[in-house]
Amino acid sequence: MPRNVFRYLCLLTAVANGAGNAFLLLFYKQVFSLFGVPLPQDLYSFAFVAGFSFTAGILALLVFMNPEKNMNLLIVGIFGKGIYSFFTFYFYVFYKLHWFYLIFGVWDAIFVV
């Protein structure tokens, strides 16, 4: 993959994770209502996961800014997003997780590939 394409995919991930999670934390009631998603039963865990995902966006931003220097951060991001994606699909299949969360699982699976 050409270096610039790789860098801008990292930037896209940084914006999606960073801004997306900040937006979701601020407006989760409205967004969930719009898509028919039940409100989180444990708001603390929801905030922790969103905060951690925001942090993954920061990792992606650091990789975008200097890929050669921050390749180890990319590896951390791949593992984190892979685990998140796995659990999203697992809970969707076996525990009827709402389809809305699949958006994030699919996004993270694409990042891993």
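Predicted model only: the values in this text are computed from it and were never measured.

(A) Highlighting the overall build of the protein chain. On a plain count of helices and strands, the protein chain comes out with four helices and zero strands. Shown N-terminal to C-terminal, the secondary structure of the protein chain runs as helices and strands in the order α-α-α-α. For a compact globule of 113 residues, the expected C-alpha radius of gyration is about 13 Å, and the protein chain comes in at 15 Å, within 12% of that figure. In terms of overall dimensions, the protein chain has a C-alpha envelope of 40 × 30 × 20 Å along the principal axes. The proportion of buried residues among the 113 residues of the protein chain is 31%. Of all intrachain contacts in the protein chain linking residues separated by at least 6 positions in sequence, the fraction that spans at least 24 positions is 61%. Roughly 7600 Å² of accessible area belongs to the protein chain as shown, and the carbon and sulfur atoms make up 75% of that amount.

(B) The arrangement of the packing of aromatic side chains in detail. Counted according to the given criterion, the structure contains 19 aromatic pairs. Aromatic pair Phe32 and Phe46: ring centres 5.7 Å apart, planes at 70°, arrangement edge-to-face. With a gap of 14 residues between them, Phe32 in helix 1 (residues 3-35) and Phe46 in helix 2 (residues 43-65) connect regions that are remote in the sequence. Judged by relative accessible area, which is 0%, Phe32 ranks as buried. On the basis of relative accessible area, Phe46 is assigned to the buried category, the value being 12%.

(C) Focus on empty space enclosed by the protein. The final tally for this structure, using the stated rule, is one cavity of 30 Å³ or more. Approximately 50 Å³ is the volume attributed to the largest cavity. Lining the largest cavity are Ala56, Leu59, Ala60, Val63, Leu73, Leu74, Gly77, Lys81 and Phe111. Here the lining of the largest cavity is composed, by residue class, of seven nonpolar, one polar and one charged.

(D) The nonpolar core, seen in detail. Membership of the largest hydrophobic core is limited to eight residues, which are Leu24, Tyr28, Val31, Phe32, Val37, Phe46, Phe100 and Tyr101. Per-element accounting of this core gives the leading share, four residues, to helix 1. When near neighbours in sequence (up to four residues on either side) are disregarded, Leu24 contacts Val31, Phe32, Phe46 and Phe104. Formed by six residues, the second largest nonpolar core is a distinct cluster that contains Cys10, Val63, Leu74 and Phe111.

Cut-offs applied
Residues numbered from 1 in each chain as written. Predicted model: local features only at pLDDT ≥ 70, side-chain atom pairs only at ≥ 80, totals over all residues. Heavy atoms only, no water. Helix = DSSP H or I, 4+ residues; strand = E, 2+ residues; numbered from the N terminus. Rg over C-alpha atoms; globule rule 2.2 N^0.38 Å. Buried < 20%, exposed > 50% of the residue type's maximum accessible area, 1.4 Å probe, protein only. Contact = heavy atoms within 4.5 Å. Areas by Shrake-Rupley, 256 points an atom, 1.4 Å probe, with all protein chains shown as cover. Phe/Tyr/Trp six-rings, centres within 6.5 Å; stacked < 30°, edge-to-face > 60°. 1 Å grid on protein atoms, 1.4 Å probe; cavity = no way out; pocket = protein on both sides within 12 Å on 5 of 7 lines; lining within 4 Å. Points joined across faces, edges and corners; volume = space filled by probe spheres on them. Nonpolar A, V, L, I, M, F, W, Y, C, P; charged D, E, K, R; others polar. Core = buried A, V, L, I, M, F, W, Y, C linked by side-chain atoms within 4.5 Å.

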